[in-house]
Amino acid sequence: MCANFTDDDEGKRVVNANGEEIGIVQSVEGGSVHVDPDPGMADSIKSKLGWGDSDEETYALDEDNVESISDDEVKLRRL
């Protein structure tokens, strides 16, 4: 899927392929999405998303990782 993010996506839950919440869409700027990750999110998932170990508050979400966008959540592909 080629994700087309809009301002309406702000505040949506971001879930992994199993439906587990990993964060919240914090902002959409110029088609780029920034996610506030769940503090308990595993480092392995962060690594697969390219979010590294930095102490940033939000992280950019690569649209290639998005499986679908619904009215209330952004679902990621299986990583």
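Residues numbered from 1 in each chain as written. Predicted model: local features only at pLDDT ≥ 70, side-chain atom pairs only at ≥ 80, totals over all residues. Heavy atoms only, no water.

Caption draft 1: Summary view of the environment of D71. Structurally, the position occupied by D71 is in the loop between β5 (66-69) and β6 (73-76). In this structure, the C-alpha to C-alpha distance between D71 and G19, residues 52 residues apart in sequence, is 15 Å. (Helix = DSSP H or I, 4+ residues; strand = E, 2+ residues; numbered from the N terminus.)

Caption draft 2: The sheet that holds strand β1 (residues 13-15), seen in detail. With mixed pairing, six strands are arranged side by side in an open sheet as β4-β3-β2-β1-β6-β5. In this open sheet, the two edge strands, each paired with only one partner strand, are β4 (59-61) and β5. Put simply, the sheet's adjacent strands are angled 35 degrees from each other on average, direction ignored. (Pairing = 2+ DSSP bridges. Axes fitted to C-alpha atoms, helices over the stretch in contact; angles between N-to-C directions.)

Caption draft 3: Representation of the pattern of salt bridges. Counting across every chain of the model gives four salt bridges. Of the charged contacts in the structure, one is a salt bridge between R13 and E21, with a shortest N-O distance of 3.5 Å. Taking the relative accessible area as the measure of exposure, E21 reaches 35% and is therefore partly exposed. The closest approach of N and O atoms between E67 and R77, which form a salt bridge, is 3.4 Å. Here R77 lies in the segment after β6 and E67 lies in strand β5, a separation of 10 residues in the sequence. The partly exposed category is assigned to E67, whose relative accessible area is 41%. When salt bridges that share partners are traced, they join R13, E21 and E73 into one network. (Salt bridge = Lys/Arg side-chain N within 4 Å of Asp/Glu carboxyl O. Buried < 20%, exposed > 50% of the residue type's maximum accessible area, 1.4 Å probe, protein only.)

Caption draft 4: Just the side chain of N16, in detail. Checked against the element boundaries, N16 lands in the loop between β1 and β2 (21-29). At 2.9 Å, the side chain of N16 and the backbone nitrogen of N18 are in polar contact. N16 has contacts with I22, K75 and L76, leaving out every residue within four places of it along the chain. (Polar contact = N/O pair within 3.5 Å; in protein donor to acceptor, adjacent residues only side chain to side chain. Contact = heavy atoms within 4.5 Å.)

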